[in-house]
Structure formats: structure tokens, C-alpha cells
Amino acid sequence: QVQLQESGGGLVQAGGSLRLSCAASGSVESIDDWSWYRQPPGERSGPKLVALITKGDNTRYSDSAKGRFTISRDSIKNTVYLQMNSLVPEDTAVYHCVARPIGVTKEGDGYWGRGTQVTVSS
């Protein structure tokens, strides 16, 4: 089992920055990759991938995150970060940290944190 706790969300003006953190505990050695998903208000299709980082520190981003967001991890602190710059109102969402265990093939399957709210005002 892995437990995830997100923090760092809040209210920010357009153009501002936030850094989200995801502190992991438990069997973190069983995790193959870490990602951030987000679900905007009223979005019924479910959370969408924002950024992903593998154990080997390879990264991947959604088109909307490229060039603005950076995912990173500190393996000593068992913490994953999402640095978000140049925020726009469309970034408003609940952001979830997700840990995918080794052997789980489907992205988005695994352990989910409860999420942290990010609100960007215009």
C-alpha cells in the first residue's frame, strides 16, 4: 500500500505560479511511475493526465502543460512536485497525485491522493 498526500494548491492570479507537492509513504519501492492528474470543475469525463515521471526520471506532459509545468521528484524525501508557471484560468482544477505500481499497465491505475484545489483567477 502507498499513501499519497498532496499540498500546495490555492488561489493565484493568472500569470502566477504554484508548486504542488505529493508526499508518499508506505511501499514506495513498488511504484513504477508518478503522475499528476487534474479534473476541472464540471468536467464529467474524469481526470486527465497533466505530467508523468518514471523511476528513471523520464518525463511526459500534456500539450497544455508543456513549457509551463515541470514535474520532478525527490527520492530521498519520497516526494513528487509539480511546478506550475504562467497559470491561466483554464488550469483551475483539483490536482491529484497518482502512483502506478510495477506491473500495472494502465495509466491512471494505482494509488490516488485526495487532491488539492488550484484556482486561477483572471
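So, the side chain of Thr 92
Point 1. Here Thr 92 lies in the loop between β8 (79–84) and β9 (93–101).
Point 2. Owing to a relative accessible area of 14%, Thr 92 belongs among the buried residues under this scheme.
Point 3. A polar atom in the side chain of Thr 92 sits 2.9 Å from the backbone oxygen of Pro 89.
Point 4. With residues up to four places along the chain from it excluded, the contact list for Thr 92 reads Pro 40, Pro 41, Gln 117, Val 118, Thr 119 and Val 120.

So, the state of the cysteines
Point 1. Across all of its chains, the model carries one disulfide by this definition.
Point 2. Bridging Cys 22 to Cys 97, the disulfide has an S-S length of 2.1 Å. Residues Cys 22 and Cys 97 are joined through a disulfide that is left-handed, its torsion about the S-S bond being -80°. Of this pair, Cys 22 sits in strand β3 (residues 18–26) while Cys 97 is found in strand β9, placing the two residues 75 residues apart along the sequence.

A look at the pattern of salt bridges
Point 1. Across all of its chains, the model carries six salt bridges by this definition.
Point 2. A salt bridge links Arg 68 to Asp 91; the nearest nitrogen and oxygen atoms lie 2.7 Å apart. Pair noted here: Arg 68 is in the loop between β6 (59–61) and β7 (69–74) and Asp 91 is in the loop between β8 and β9, with a separation of 23 residues, a long-range link. Here the two residues Arg 68 and Asp 91 agree in accessibility, since each one is buried.
Point 3. What emerges from the salt-bridge pattern is a single network uniting Arg 38, Arg 68 and Asp 91.

Details of the pairing of strand β11 (residues 116–121)
Point 1. Residue alternation in β11 divides its side chains into a buried set, Thr 116, Val 118 and Val 120, and an unburied set, Gln 117, Thr 119 and Ser 121.
Point 2. Both strand β2 (residues 10–13) and β11 contribute to a ladder of four bridges, which runs parallel. Residue pairing for β11: Gln 13 is matched across the bridge by Ser 121.
Point 3. Relative to β11, β9 runs antiparallel, the two sharing three bridges. When the sheet's bridge partners are listed, Ala 93 is paired in β11 with Val 118.

Comments concerning the packing of aromatic side chains
Point 1. A full pass over the atoms with the stated rule returns one aromatic pair.
Point 2. With centroids separated by 5.2 Å and ring planes inclined at 50°, the aromatic side chains of Tyr 37 and Trp 112 adopt a geometry described as tilted. On the criterion of sequence distance, the pair formed by Tyr 37 in strand β4 (residues 31–39) and Trp 112 in strand β10 (residues 111–112) is long-range, its members being 75 residues apart.
Point 3. Looking at Tyr 37, the relative accessible area reads 8%, which means it is buried.
Point 4. According to the relative accessible area criterion, Trp 112 is partly exposed, its value standing at 35%.

Regarding the pairing of strand β5 (residues 48–54)
Along a regular strand, successive side chains alternate from one face of the sheet to the other.
Point 1. Taking burial as the measure, the seven residues of β5 include five buried ones, the bulk of the element.
Point 2. One ladder, built from six bridges, connects β4 with β5; its direction is antiparallel. Directly across from Trp 36, in β5, lies its bridge partner Ala 51.
Point 3. Sheet topology places β5 next to β6; three bridges connect them, and they run antiparallel. Note on β6: the bridge partner recorded for Leu 52 is Arg 60.

Reading the values: rules and limits
Residues numbered from 1 in each chain as written. Predicted model: local features only at pLDDT ≥ 70, side-chain atom pairs only at ≥ 80, totals over all residues. Heavy atoms only, no water. Helix = DSSP H or I, 4+ residues; strand = E, 2+ residues; numbered from the N terminus. Buried < 20%, exposed > 50% of the residue type's maximum accessible area, 1.4 Å probe, protein only. Polar contact = N/O pair within 3.5 Å; in protein donor to acceptor, adjacent residues only side chain to side chain. Contact = heavy atoms within 4.5 Å. Disulfide = S-S within 2.5 Å. Salt bridge = Lys/Arg side-chain N within 4 Å of Asp/Glu carboxyl O. Pairing = 2+ DSSP bridges. Phe/Tyr/Trp six-rings, centres within 6.5 Å; stacked < 30°, edge-to-face > 60°.

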